[in-house]
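Architecture and fold: a report
Each chain, written out:
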Amino acid sequence: FKLRVPGIFFCLLLLSQIAQAESFFTSFEFSNSGTFSIGDDPLTATFSGGSAQSVGVGAYYHSSTHSWHVPGGGMSTVTFQTAAANVDFWFRDTAGASSSTFRIIDSNDAVIGSGNGTQSFVNVVLTRTGGQPRIARVEFDSAGGGDTVVDDLSFTANEESTTAGLTVLLGEPVNGVVH
């Protein structure tokens, strides 16, 4: 039996690249009314059905001056190329909007988290652990009368977490857990 150090080094390097968690974040500080993606292939999130924009109303941005808007009466989707271990975003309705909804769907096409929009930002955080199916997409359904706004979205792929659950933070920083 002959041990070859370069071969072992290459295998360890390859395994470290495969198992490494990668996180991505956007605060939508650009203008785009089409489909766009963030992340690095194959760890991307593709946004469709909304527009990254600034409308000049500070209350519609969790941070900075842009957010992702789902038009009233429309539906938008964030699809993860590689299913995510967790997702974190801020979500609200604009003035005059009917209550919108978000749905977080796993890789088995099951709804694993959902909630309604309000007239102030709500922080939504969902983490999957162990053998739980990962997060495949997030859907935003704007009921009409105004936009639904999403800001400061992040996701992590290729991560094993030890804590699972859906957390909804109402305002800053009141904690609540939704099962």
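See the structure above.
Now for a quick tour of the structure. (Residues numbered from 1 in each chain as written. Predicted model: local features only at pLDDT ≥ 70, side-chain atom pairs only at ≥ 80, totals over all residues. Heavy atoms only, no water.)

This part takes up the packing of aromatic side chains. Counted under the stated rule, the structure contains 15 aromatic pairs. Between F47 and W68, the aromatic rings sit 5.1 Å apart at their centres with planes inclined by 85°, giving edge-to-face as the arrangement. Residue F47 is found in strand β3 (residues 43-48), and its partner W68 is found in strand β5 (residues 67-70); the two are separated by 21 residues along the sequence. The exposure classification of F47 matches that of W68, with both residues buried. Taking the centre distance of 6.0 Å and the plane angle of 85° together, the rings of W68 and F140 count as edge-to-face. Here F140 lies in strand β11 (residues 135-141) and W68 lies in strand β5, a separation of 72 residues in the sequence. F140 shares its class with W68; the two are buried. Cluster of aromatic residues (ring-pair linked, three or more members): F28, F30, F36, F47, W68, F89, F91, F102 and F140. (Phe/Tyr/Trp six-rings, centres within 6.5 Å; stacked < 30°, edge-to-face > 60°. Helix = DSSP H or I, 4+ residues; strand = E, 2+ residues; numbered from the N terminus. Buried < 20%, exposed > 50% of the residue type's maximum accessible area, 1.4 Å probe, protein only.)

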